[in-house]
Structures are given as structure tokens and as C-alpha cells.
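# Structural characterization, general
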Amino acid sequence: MAFRLDIPPPAYVDTDEEVDRLLEEIPEWDMVGFDTETTGLDHFFDQIWFWSLANGHERYCLPRHRLWDFKEIFEDKSIKWAIHNANFDANMLANAGISQCDGSVVGNRYDSMILHTLFRDFEPHDLDHVSRRVLGIPKLFSYKERFGGVNIQELRPGHELF
């Protein structure tokens with residue numbers, strides 16, 4: 001089964017006006033897709049560098065310094081989140097100081113990695129595999145394939161590879 005993925009490319013959001021508009025719209029979304037690009041894979045020490053939000057029709061890429069603008073959104077338990085490997089992204093948010101009062105982050109979440117584990121426990125559960133197998137998306141490229149040897153901290157809007 002393949003899903004239609006003809007949504008527009010992500011819009012880069014970094015102005016106060018764009019952030020304010022998103023903050024008003026997100027509580028009205030049926031579900032919020034969330035993903036992080038991080039400085040590494042260490043759950044305790046690495047940090048979010050870029051992050052993205054999606055609603056099935058629009059996609060947004062935001063820089064690290066905009067995380068705290070969305071703190072209340074991340075901590076709002078009424079919002080439904082779609083995340084692959086949600087525990088990793090929740091740890092990255094916690095590393096940035098964002099968590100709910102009970103210590104959880106992004107509480108009302110649907111983790112596609114866990115769902116895939118329940119559906120096909122004998123297959124790999126990484127995003128590339130799940131994207132190909134469930135969504136019919138051809139192999140995604142790795143960070144290294146896309147950006148070569150460029151350090152993630154060097155990537156900014158306007159960079160030739162951004």
C-alpha cells in the first residue's frame with residue numbers, strides 16, 4: 001500500500017510572525033507530525049539542531065532557538081502527536097528543558113516505530129525500512145549521503161546544501 005505524499009516542501013519558519021501563526025494553528029490540527037535533526041544520537045547529551053512539524057498538508061522546518069516558543073504546545077496533553085521513535089525525540093526535548101510537569105514530553109503521542117513493532121515484529125523498525133515497506137517511499141538518503149562531510153552545526157538557511 002502506498003500513500004500519496006504530494007505535500008509541499010517544508011517552509012522554513014524563523015520570524016516572530018510565522019511562529020505566532022503556527023502557535024495559533026497547531027491546536028486546531030487533527031494531529032501534529034514531529035521530527036528532530038540532532039547533533040548526535042546520545043539520549044542524554046545531544047541536542048536538537050533543527051526540527052520539523054507537519055499536519056498532512058503543510059510541513060515546517062524550524063531552528064533550535066525556536067523550541068522554547070513552542071514549549072506550551074509540546075507540553076499540551078490534548079494535542080495528538082505522530083512521531084517515529086518518539087522516546088528519542090522526547091529525550092531531545094528534555095535535553096532542551098522541555099517536559100510536562102509529570103516529567104513526560106509529548107504525552108499524547110502515536111509512535112510509528114512502536115506501531116510497526118506491533119504490526120511486523122519480525123522486520124526492522126528504522127524509519128527507512130518503515131517508509132519503504134508501509135508507505136511505499138523509495139529509500140531515503142542518509143544525512144551523510146545528502147550533506148556529505150558538512151557538520152550539522154554549519155547548516156543554516158542560505159547554505160548551498162540547505
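An account of the accompanying structure is given in this report.

Basis of the calculations
Residue indices begin from 1 for each chain and proceed along its sequence in written order. Owing to the predicted nature of the model, reporting of local features is limited to residues with pLDDT of at least 70; listing and counting of side-chain atom pairs is limited to 80 or more, with chain, interface and lining totals taken over all residues. With hydrogens and water set aside, each side-chain value is computed from the structure's full complement of heavy atoms. Strands here are runs of E lasting at least two residues and helices are runs of H or I lasting at least four, both read from the DSSP assignment and numbered beginning at the N terminus. When accessible area is computed with a 1.4 Å probe and restricted to protein chains, residues below 20% of their type maximum are described as buried, those above 50% as exposed, and intermediate ones as partly exposed. With residues, only the protein chains shown are counted as cover, and all accessible areas are computed by Shrake-Rupley using a 1.4 Å probe. Working definition: a ring pair exists when centres of Phe, Tyr or Trp rings (six-membered ring for Trp) sit within 6.5 Å. Plane angles under 30 degrees give stacked, over 60 give edge-to-face, the rest tilted. The criterion is simple. A nonpolar core is a set of buried Ala, Val, Leu, Ile, Met, Phe, Trp, Tyr and Cys residues joined through side-chain atoms within 4.5 Å. A contact between two residues is defined here by any heavy atoms of the two lying within 4.5 Å.

What follows deals with the overall build of the protein chain. Along the backbone of the protein chain there are six helices and six strands. In sequence order, the protein chain lays out its α and β elements as β-α-β-β-β-α-β-α-β-α-α-α. Counting over 162 residues, the protein chain shows a buried share of 35%. Accessible area for the protein chain stands at about 9,900 Å²; split by element, carbon and sulfur atoms hold 56% of it.

Our next topic: the packing of aromatic side chains. Throughout the structure, instances matching the rule amount to eight aromatic pairs. Residues Trp49 and Phe50 carry aromatic rings whose centres are separated by 6.5 Å and whose planes lie at 90° to one another, so their mutual orientation is edge-to-face. On the basis of relative accessibility, which here comes to 8%, the residue Phe50 falls in the buried class. Taking 5.5 Å as the distance between ring centres and 20° as the angle between the ring planes, the aromatic pair formed by Phe74 and Trp81 counts as stacked. Each of the two residues, Phe74 as well as Trp81, counts as buried. Every member of this aromatic cluster is reached through a ring pair, and the members are Phe34, Trp51, Phe70, Phe74 and Trp81.

Looking now at the nonpolar core. Core analysis: the largest hydrophobic core is formed by 25 residues, its most contacted members being Ile26, Trp51, Leu53, Phe70, Phe74 and Trp81. At the level of elements, α1 (16-25), β2 (32-38), β3 (48-54), β4 (59-63), α2 (71-74), β5 (81-83) and α3 (86-95) are the ones that each hand at least two residues to this core. In terms of residue count, the dominant contributor to this core is α3 (four residues). Those residues in contact with Trp51 that lie beyond four places of it in its chain are Phe34, Asp35, Thr36, Tyr60, Cys61, Leu62, Pro63, Arg64, Arg66, Leu67, Phe70 and Phe74.

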